[in-house]
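# Geometric and topological summary
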Amino acid sequence: MNPGAQQPAPANARPDIVNAFTVDVEDYFQVAAFAHRIDPAQWDALPCRVERNVEHILALLAGAGAKATFFTLGWIAQRHPQVVRAIVNQGHELASHGYAHQRASGQSEAELRDDLVRARKLLEDIAGEPVIGYRAPSFSIGRDNLWAHRVLAETGHRYSSSIYPVRHDHYGMPEAPRFAHRTPDGLTEIPASTVRVGQVNLPSSGGGYFRLLPYPVSRWSVSRINRRDGEPAVFYCHPWEVDPGQPRVPGVGAKARFRHYVNLSRTAGRIERLLRDFRWDRMDRVFARQIGLADDGPAEARVHDHVA
Ligand SMILES: [Zn+2]
């Protein structure tokens with residue numbers, strides 16, 4: 001192993017800022033890019049990889065002494081309750097990724113409500129603790145369905161991390177605020193992280209970009225959000241991204257294939273570096289004040305928060 005890789009956090013990090021590490025818990029056959037090839041009715045017949053891959057990510061987090069938020073599909077929780085228990089038992093936050101990975105933007109209000117209620121109940125029954133966070137599959141809350149925030153608030157959620165303030169072919173709301181904000185419905189939206197360059201928001205939260213671009217680009221992005229914006233970054237990854245041995249899905253177009261499979265063998269190592277280079281914690285702790293969870297903390301802390 002290269003001893004240089006063991007160096008502590010880079011000098012440009014802001015050690016006073018704790019960032020949010022998040023995982024979207026779904027299996028490789030549930031990703032939106034493959035939805036046209038694999039019907040949900042086939043999911044049960046496909047070889048599952050999610051349990052071992054979540055274990056791998058849990059081990060990376062444990063190695064770094066970091067906690068994270070796991071946005072988990074109800075479908076996964078139902079079939080693999082031991083995955084949910086492992087997440088909770090190790091002190092991580094359990095949150096919802098909906099039931100069956102339907103884009104929120106493709107659902108009616110009634111469909112979204114049913115999906116949210118079903119997923120949250122499954123997760124809470126297994127975990128034995130409240131679930132307050134939600135991430136829409138494929139960051140599918142945007143200007144055309146901001147009403148989803150009201151439905152989330154009405155179904156017991158306190159925060160959402162479902163808007164990506166970028167221009168992208170499948171999602172995005174470039175004009176949305178870049179950082180945590182309260183919606184008119186009393187929910188807190190915590191967008192995926194972007195880096196502002198000129199008049200443009202560049203995606204810098206993880207996923208395909210984290211795998212495609214060299215690691216120093218990701219490190220620079222988190223540093224820049226911490227130093228220039230003075231805000232925590234929100235990083236996300238998927239269990240299948242640390243699994244180069246996953247079965248290949250046939251009949252997928254070149255673009256989707258490249259986005260899904262590029263650099264899978266490098267992701268775990270990069271996550272290790274990212275965990276070492278910055279401080280990380282669960283969404284509900286990093287954004288406790290913005291979500292409104294910190295109100296009953298010690299009075300001294302409250303005063304400090306208000307002047308900060
Ligand atoms: Zn997802």
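Position labels on residues start from 1 in each chain and follow its written sequence. For this predicted model, a pLDDT threshold of at least 70 governs which residues receive local features, and a threshold of 80 or more governs which side-chain atom pairs are given and counted, while totals over whole chains, interfaces and linings are taken from all residues. As a rule here, side-chain values cover all heavy atoms of the structure and leave hydrogens and water aside.

### A few points about the pattern of salt bridges
By salt bridge we mean one thing: a side-chain nitrogen of Lys or Arg within 4 Å of a carboxyl oxygen of Asp or Glu. Counted under the stated rule, the structure contains 16 salt bridges. A salt bridge links Asp 24 to Arg 135; the nearest nitrogen and oxygen atoms lie 2.8 Å apart. Of this pair, Asp 24 sits in strand β1 (residues 18-25) while Arg 135 sits in the loop between β4 (133-134) and α5 (148-154), placing them 111 residues apart in sequence. Of the two residues, Asp 24 and Arg 135, both sit in the buried class. In this structure, Asp 284 engages Arg 282 in a salt bridge whose closest nitrogen and oxygen atoms are separated by 2.7 Å. The same class applies to Asp 284 and to Arg 282, which are both buried. Sharing partners across several salt bridges, the network here consists of Glu 109, Arg 113, Arg 150 and Glu 154. In this text, helices come from DSSP runs of H or I with a minimum length of four residues, and strands from runs of E with a minimum of two, each type numbered from the N-terminal end. Burial classification: accessible surface area is computed with a 1.4 Å probe over protein chains only, and a residue below 20% of its type maximum counts as buried, one above 50% as exposed, and the rest as partly exposed.

### Re the coordination of the zinc ion
Only Glu 26 (OE), His 97 (NE2) and His 101 (NE2) from the protein coordinate the zinc ion, and they sit 2.0 to 2.1 Å from it. Each metal's donors are the N, O and S atoms within 2.8 Å of it, or within 3.2 Å when it is Na, K or Ca, and because water is not part of the set, sites may look incomplete. Here the donor residues for the zinc ion map to a single chain with the spacing E-x70-H-x3-H. Of this pair, Glu 26 sits in the loop between β1 and α1 (50-64) while His 97 sits in the loop between β3 (93-96) and α4 (109-127), placing them 71 residues apart in sequence. Grouping residues by exposure puts Glu 26 and His 97 together as buried.

### Things to note about the packing of helix α3 (residues 81-89) against α4
Following both chains from N to C, one finds α3 and α4 inclined at 65 degrees, their axes separated by 9 Å at the closest point. Pair α3 / α4 crosses with right-handed handedness. For the pair formed by α3 and α4, the contact residues are Pro 81, Val 84, Arg 85 and Val 88 on the first element and Leu 123, Ile 126 and Ala 127 on the second. Each residue is assigned to one of three groups, with Ala, Val, Leu, Ile, Met, Phe, Trp, Tyr, Cys and Pro labelled nonpolar, Asp, Glu, Lys and Arg labelled charged, and all others, Gly among them, labelled polar. When the residues that make up the contact of α3 with α4 are grouped by side-chain class, the tally is 6 nonpolar, no polar and 1 charged. The axes used here are C-alpha line fits, helices contributing only the stretch in contact, and every angle between their N-to-C directions lies in the interval 0 to 180 degrees. Each helix crossing is assigned a hand: it is left-handed if the near helix lies turned anticlockwise from the far helix by less than a right angle, otherwise right-handed if that turn is clockwise. Contact definition: two residues touch when any of their heavy atoms are within 4.5 Å.

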